[in-house]
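Structural description and commentary
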Amino acid sequence: MRRNGGSVKYFITGGAGFIGSNMVDRLLMEPENEVVVYDNFRTGRKEFLADAVKNPRFSLVEGDTLDESRLTEAMKGCDFVFHFAANADVRMGCEHPSKDLQQNTVATFHVLEAMRTNGIQRIGFSSTGSVYGEAEVIPTPEDAPFPVQTSLYGASKLACEGLIAAYCEGFGFTGYIFRFVSILGERYTHGHVFDFYRKLSENPETLHVLGDGHQKKSYLYVKDCMEAILTVIRNANEKVNIYNLGTDEYCEVNDSIGWITKKLGVTPSLTYEGGERGWIGDNPFIYLDTKKVRSLGWKPQYTIEDGIIKTVEYLAANPWVFSRQD
C-alpha cells in the first residue's frame, strides 16, 4: 500500500461529510499521507474542508459516485479507498426506496469497478449496525445471525457488504467493513441530537420525541471512530475484515435528552409519539459487541455522554450548520 518511501494516497468518497472530513483531517496529520476527496456536496460541506484545502497534500474533485467514468478518472494513482459517501436518511427510507439502492448499493458497485480499473485493491467501507436488524443477541457480535432486515438503509448497506466481499474473493481485494453505531461529534449534521438541539433552540419550552424515549441506543465519538478505523486497517489481515465500532455502553433516548437539556439549561415538557419505535426501521435496542476491535489494542477515550456534550458544544459554536447550502 505504501509507495515513494512510505507515502499513501487515500481516496475518500463523501470526504466533505461528517465522517469523511474528520478522516481527511486525521490522515493529513501524518506527513506521509496524501488525500483526494470526491464529493458531490449534496450533503457535504465545503466548510468542513477549510483546513484541508490549505494543505498541498490534499486535492478535491467534485463528482457523484453514480458517475462511474468521472469516479474512475478521479481515482487514478490512489492506493487506498475509503468509501463513506451514502444516503444516510434512515428514517425516510420508505418515502424514496430507490435512493438507498442507487446512492448506497449501485454507488458501491461503481466504486469497486473504479478500483478494479485503477488496480486499487484495498477499501474501507462505512457500513452500519442496522444490518443486524432487531438482533436477538445483545450485545451483538459480528458473527450474530442476521434476522429479517428492518430498514431499506440497512438492507442496502448489507448488499454493499456482499459486493465488497465478492470483489475480495473474485479480484483479490482486501476489504475493511465497519459496522458503526451512531457517530457523534464535531461536524455532525443529522440525527437525534442535531434535531433535539435545533428544536430546543427554536422553542426551549417543549420537545416532541419520536418513540417512547426508552429506545436504547449506542453512540461513538467521531475521534474515537477515526482511531478505531485506522487501528483496523493497520492491524487486521483477513481478506474481508468486519468490525463493529462502538462503546461498551448504551443509553436511552431519555438519557440523551437529559444531558442535552442540562447542558443548555432548559427544562422543556416532553411529548412522545410512536411507541417503542419512532418510525419504520427504528431499532428499539442497539448495542454492539466490540471485543474484536478492542483485541487490536483500541478502546474509546470518550463516553456516550461525553460525545453528546461535545456535539452540543459544537452545534452551539457553529450555528451556520443549520443553514441550507447554496
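Since we're looking at a predicted model, the values are computed, not measured. (Residues numbered from 1 in each chain as written. Predicted model: local features only at pLDDT ≥ 70, side-chain atom pairs only at ≥ 80, totals over all residues. Heavy atoms only, no water.)

In this section: the overall build of the chain. Summing up its helical and strand segments, the chain has 9 helices and 13 strands in all. Compactness check: the chain gives a C-alpha radius of gyration of 19 Å against a globular reference of 20 Å for 326 residues, within 12% of the reference. Counting only C-alpha atoms and orienting by the principal axes, one finds that the chain spans roughly 60 × 45 × 40 Å. Across the 326 residues of the chain, 52% fall into the buried class. Once the 34 positive and 43 negative side-chain charges of the chain are each reduced to a mean point, those two points are 5 Å apart. (Helix = DSSP H or I, 4+ residues; strand = E, 2+ residues; numbered from the N terminus. Rg over C-alpha atoms; globule rule 2.2 N^0.38 Å. Buried < 20%, exposed > 50% of the residue type's maximum accessible area, 1.4 Å probe, protein only. Lys, Arg positive; Asp, Glu negative; His and termini not counted. Charge placed at Lys NZ, Arg CZ, Asp CG, Glu CD.)

The terminal C-alpha atoms of helix H6 (residues 222-235), which comprises 14 residues, lie 20 Å apart, in line with the 20 Å expected from a rise of 1.5 Å per residue. Within H6, 10 of the 14 residues are buried, which leaves it mostly tucked inside the rest of the structure. Turning to H6, its buried residues are Val222, Asp224, Cys225, Met226, Ala228, Ile229, Leu230, Thr231, Val232 and Ile233. (Expected span 1.5 Å × (residues − 1).)

Below, the discussion takes up the packing of aromatic side chains. Inspection of the entire model under this criterion finds 17 aromatic pairs. Consider the rings of phenylalanine 82 and phenylalanine 84, whose centres lie 5.4 Å apart with planes at 15°: the pair is stacked. Of the two residues, phenylalanine 82 and phenylalanine 84, neither departs from the other in class, the shared state being buried. Directly above the aromatic system of phenylalanine 171 lies the positively charged group of arginine 116, at a separation of 4.6 Å from the ring centroid. Directly above the ring of tyrosine 243 sits lysine 292, whose terminal nitrogen or CZ lies 4.6 Å from the centroid. (Phe/Tyr/Trp six-rings, centres within 6.5 Å; stacked < 30°, edge-to-face > 60°. Lys NZ or Arg CZ within 6 Å of the ring centre and 35° of its normal.)

So, about the packing of helix H1 (residues 18-28) against H6. One can describe the packing of H1 onto H6 by two numbers: an axis separation of 10 Å at closest approach and a directional angle of 65°. Judged by the twist between their axes, the crossing of H1 over H6 is right-handed. Note on element contacts: H6 touches H1 through Val222, Lys223, Met226, Glu227, Ile229 and Leu230, opposite Phe18, Ile19, Asn22, Met23, Arg26 and Leu27. Looking at the contact of H1 with H6, its residues break down into 8 nonpolar, 1 polar and 3 charged. (Axes fitted to C-alpha atoms, helices over the stretch in contact; angles between N-to-C directions. Left-handed = near helix turned anticlockwise from the far one by under 90°. Contact = heavy atoms within 4.5 Å. Nonpolar A, V, L, I, M, F, W, Y, C, P; charged D, E, K, R; others polar.)

Here we take up the sheet that holds strand E6 (residues 174-180). Ordered by their spatial adjacency, 7 strands build an open sheet running E3-E2-E1-E4-E5-E6-E11, and the pairing between neighbours is parallel. Every interior strand has two partners, whereas the edge strands, strand E3 (58-62) and strand E11 (240-245), have only one. Along the sheet, successive strands turn relative to each other by an average axial angle of 15°, direction set aside. Looking at chain direction, strand E1 (residues 8-13) and strand E2 (residues 33-39) are connected through 6 bridges and run parallel. From the neighbouring strand, valine 8 faces E2, where its bridge partner is asparagine 33. Against the sheet, H1 makes contact with E1, E2, E3, strand E4 (80-83) and E6, and its axis sits at roughly 165° relative to E2, the strand it touches most. (Pairing = 2+ DSSP bridges.)

With that settled, the discussion passes to unusual backbone geometry. Proline 139 follows isoleucine 138 through a cis peptide bond whose omega is -10°. In this structure, proline 139 sits in the loop between strand E5 (122-126) and helix H4 (152-171). Although it is not a glycine, phenylalanine 41 sits at a positive phi angle of roughly 60°. Note that phenylalanine 41 resides in the loop between E2 and E3. Of note, arginine 187 is a non-glycine position whose phi angle comes to about 80°, a positive value. Note on placement: arginine 187 falls in the loop between strand E7 (182-184) and helix H5 (192-202).

This part takes up the nonpolar core. The nonpolar side chains of a soluble globular protein tend to be buried, and buried together. Met23, Val24, Phe82, Phe178, Ile229 and Leu245 are the most contacted members of the largest nonpolar core, which has 66 residues in total. The greatest single-element share of this core, amounting to 8 residues, is contributed by H6. Sequence-distant contacts of valine 24, that is, excluding residues within four places in its chain, are made with Ile12, Gly15, Val35, Val37, Leu49, Ala52 and Phe58. Core analysis: the next-biggest nonpolar cluster, separate from the first, contains 22 residues, Leu71, Ala114, Cys160 and Phe173 among them. (Core = buried A, V, L, I, M, F, W, Y, C linked by side-chain atoms within 4.5 Å.)

All right, on to the pattern of salt bridges then. A full pass over the atoms with the stated rule returns 17 salt bridges. For glutamate 169, the salt bridge identified is with lysine 239, shortest N-O distance 3.3 Å. You can see glutamate 169 sitting in helix H4 and its partner lysine 239 sitting in the loop between H6 and E11, a full 70 residues away along the chain. We note a salt bridge from lysine 263 to glutamate 313, for which the minimum N-O separation is 2.9 Å. Here lysine 263, found in helix H7 (residues 253-264), pairs with glutamate 313, found in helix H9 (residues 304-317); they are 50 residues apart in sequence, far enough to count as distant. The exposure class of glutamate 313 is partly exposed, given its relative accessible area of 37%. When salt bridges with common partners are traced through the structure, they connect Arg26, Glu30, Glu227 and Arg234 into a single cluster. (Salt bridge = Lys/Arg side-chain N within 4 Å of Asp/Glu carboxyl O.)

What follows concerns the environment of histidine 190. Note on placement: histidine 190 falls in the loop between E7 and H5. Taking the relative accessible area as the measure of exposure, histidine 190 reaches 42% and is therefore partly exposed. Each C-alpha atom of the pair histidine 190 and alanine 88 lies 8.7 Å from the other, and the pair is 102 residues apart in sequence.

Without other data, these values stay purely geometric and don't point to any function.
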